[in-house]
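Descriptive analysis of the structure
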Amino acid sequence: MTGRLRLGAQAVAVAIVAALLGLLIWKVAQGESEVTTELARGGTPSAPLFTLERLDGKGDLALESLRGKTVVLNFWASWCGPCRDETPLLQQASERWQSRNVVFVGMDIDDLRSDARSFLKRFGVTYANLYDGKSSTVGRYGVTGVPETYFIDAAGKIRWRIAGPVEDAADLDEGIKRAVQARQ
Amino acid sequence: MKLVALALALLALVFAGIAAASESRPTAAELESELVCPVCETTLDTSDAPVARRMKAYIRARIAAGDTKSEIKAHFVDQFGTAVLAVPPRKGFDLVAWVLPLAGLGLGVVAVGALAWRWSRVRGDPPLAGDEGAPLDRVLEQRVDDALERFDR
């Protein structure tokens, strides 16, 4: 009986250690997004799908509904200085590319809704902006910080990424061209 | 006995009063220690991140507007999710954070109790003189025989 008890206790201890090890491995694997890994290898990962509320109060927007269009996805926050600098560039580019089936989508993260709305109003942003206060997209896209911009082709593949602020219009145009050419 | 009961009742009343006051008239300091900055993942009172500064300003504005503590917290949960709370709520999946440590503690107590019981049984009372019922271990018996043999010589 004692031997069986000891064996049972040992089995429980081994199971607990194995479970903790599994948890550690899972956590480490979760830390690295597939998008980051694929982009680093020069691949074209699928853009993780999302459906999030629009900051303009016009309901939700699903990335999937934009299939067939080139999407420029820009992660930002109202408290982020470089985001303030690049927003006019993004707005101008969205107007310039509008007629060529290119859609700009802003993704506001780690932010207060009211601050985000004030920001959009202040900079006269007219393209769609989504609110992701819970940062549900951050890990999946492998966002390292704000601002960060992803260029997604018509088939939903990420073709280019600018980690950090967009310095000038040429940067944006380069990313958009890569995504647009991919569908041709 | 009656005095102790009275003291306990008074104490409960005092704490209930403090809790009610904290709910209806929260201070910025207590809310800042109960909410987490979503960027740096530390409580607001220890964070100087830009978003934490905005959240602190928002807390002060809502307190000035007369919001209760629950209302202010609910507003942040609506925007950032339950991860914004320094102490997880006692419901849903977050309940695990409360149950698991208690379950671990309970298991530990049971394990220590079982081990203590087992050790006390193994050691037991010292065998009485003339207790010949219990057989000796073979190796030990051999050693005793050898020792007696040496003694006889």
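Up top is the structure these notes are about.
For every chain, the first residue of the written sequence is number 1, and numbering continues from 1 onward in sequence order. Labels are handed out in written order, letters beginning with A for the chains and numbers beginning with 1 for the ligands. Predicted model: local features are reported for residues with pLDDT of at least 70 only, side-chain atom pairs are reported and counted for 80 or more only, and whole-chain, interface and lining totals are derived from all residues. Excluding hydrogens and water, the side-chain values take into account all heavy atoms of the structure.

What about the pattern of salt bridges?
Residues and elements named next belong to chain B.
- We define a salt bridge as a side-chain nitrogen of Lys or Arg found within 4 Å of a carboxyl oxygen belonging to Asp or Glu. Evaluation of the coordinates by the stated rule reveals 15 salt bridges over all chains.
- Between E32 and R60 there is a salt bridge; the shortest N-O distance is 2.6 Å. Taken together, the residues E32 in helix α2 (residues 28–34) and R60 in helix α3 (residues 50–64) connect sequence positions 28 residues apart.
- Between E34 and K69 there is a salt bridge, with the nearest N and O atoms lying 3.1 Å from each other. You can see E34 sitting in helix α2 and its partner K69 sitting in helix α4 (residues 69–80), a full 35 residues away along the chain.
- The class for E34 is partly exposed, based on a relative accessible area of 21%.
- Burial here depends on accessible area, computed with a 1.4 Å probe over protein chains only, as a share of the maximum for the residue type. Under 20% is buried, over 50% is exposed, and the range in between is partly exposed. Residue classification places K69 among the buried residues on the basis of a relative accessible area of 12%. Secondary structure follows DSSP: runs of H or I at least 4 residues long count as helices, runs of E at least 2 residues long count as strands, and numbering of each begins at the N terminus.

Here we look at the layout of surface pockets
- In this analysis, the protein atoms alone were mapped onto a 1 Å grid. Cavities are point sets where a 1.4 Å probe fits without being able to get out; pockets are open sets with protein on both sides within 12 Å along at least five of seven lines; lining residues have an atom within 4 Å of a point. Grid points are joined across faces, edges and corners, and a volume is the space filled by probe spheres set on the points. A volume near 520 Å³ is recorded for the largest pocket.
- Around the largest pocket, the lining is made up of 25 residues, and of these D110 and S135 of chain A together with P38, V39 and E41 of chain B lie nearest the centre.
- Here the term charged refers only to Asp, Glu, Lys and Arg, the term nonpolar to Ala, Val, Leu, Ile, Met, Phe, Trp, Tyr, Cys and Pro, and the term polar to all other amino acids, Gly among them. Considered class by class, the residues forming the lining of the largest pocket number 16 nonpolar, five polar and four charged.

Quick look at the interface of chain B and chain A
- Whether two residues are in contact is decided by their heavy atoms, any of which lying within 4.5 Å being enough. On the side of chain A, 12 residues touch chain B, which itself brings 14 residues to the contact.
- By convention, the term buried area covers the 1.4 Å-probe accessible surface removed from two parts as they join, with the contributions of both added. Here chain B packs against chain A, burying approximately 1100 Å² in sum over the two surfaces, 57% of which is carbon and sulfur.
- By the criterion of area lost to chain A, the three top residues of chain B are Q79, F80 and R118 of chain B, representing 45% of everything that side buries.
- Here chain B is connected to chain A by two salt bridges.
- Measuring nitrogen to oxygen at the nearest pair gives 3.1 Å for the salt bridge that ties D78 of chain B to R113 of chain A.
- Polar contact is the term for a pair of N or O atoms within 3.5 Å; when the atoms are in protein, one must be able to donate a hydrogen and the other to accept it, and sequence-neighboring residues count only if both atoms are side-chain atoms. Along the contact surface separating chain B from chain A lie four residue pairs in polar contact (both at pLDDT 80 or more).
- Elements with a minimum of two residues in the side of chain B that touches chain A: α3 and α4 of chain B.

What to know about the packing of aromatic side chains
- Aromatic contacts are taken between Phe, Tyr and Trp rings whose centres are within 6.5 Å, Trp giving its six-membered ring; a plane angle under 30 degrees counts as stacked, one over 60 as edge-to-face, and the others as tilted. Across all of its chains, the model carries nine aromatic pairs over all chains by this definition.
- When the ring of F75 of chain A is compared with that of Y150 of chain A, the centres are 5.7 Å apart and the planes differ by 75°; the resulting orientation is edge-to-face. In this pair, F75 of chain A is assigned in strand β3 (residues 70–76) and Y150 of chain A in strand β6 (residues 148–152), connecting sequence segments 75 residues apart. The exposure classification of F75 of chain A matches that of Y150 of chain A, with both residues buried.
- For the ring pair Y58 of chain B and F76 of chain B, a centre distance of 5.5 Å and an interplane angle of 75° mean the geometry is edge-to-face. Pair noted here: Y58 of chain B is in helix α3 and F76 of chain B is in helix α4, with a separation of 18 residues, a long-range link. Like Y58 of chain B, the residue F76 of chain B is buried in the burial classification.
- Aromatic ring contacts, followed pair by pair, group F50, F75, Y141 and Y150 of chain A into a single cluster.
- Lying over the aromatic face of W97 of chain A, R100 of chain A brings its terminal NZ or CZ to 4.3 Å of the ring centre.
- The residue whose ring lies beneath R178 of chain A is W160 of chain A, and the NZ or CZ to ring-centre distance is 3.7 Å. In our convention, an over-ring charge means Lys NZ or Arg CZ found within 6 Å of a ring centre and within 35 degrees of that ring's normal.

Considerations on the sheet that holds β3 of chain A
Residues and elements named next belong to chain A.
- Read across the open sheet, the five strands follow the order β5-β4-β3-β6-β7; overall the sheet is mixed. If you trace the sheet from one side to the other, it starts and ends with β5 (128–132) and β7 (158–163), each paired once. Between one strand axis and the next, the sheet turns by 20° as a mean value, whatever way the strands run.
- What makes two strands pair is DSSP finding at least two bridges between them. Both β3 and strand β4 (residues 102–109) contribute to a ladder of seven bridges, which runs parallel. Residue W76 lies in a different strand from β4, and its bridge partner there is D108.
- Lying on the sheet, helix α3 (residues 81–97) is in contact with β3, β4 and β6; it crosses β4 at an angle near 155°. Axes here mean lines fitted to C-alpha atoms, for a helix over just the part in contact, with angles spanning 0 to 180 degrees between N-to-C directions.

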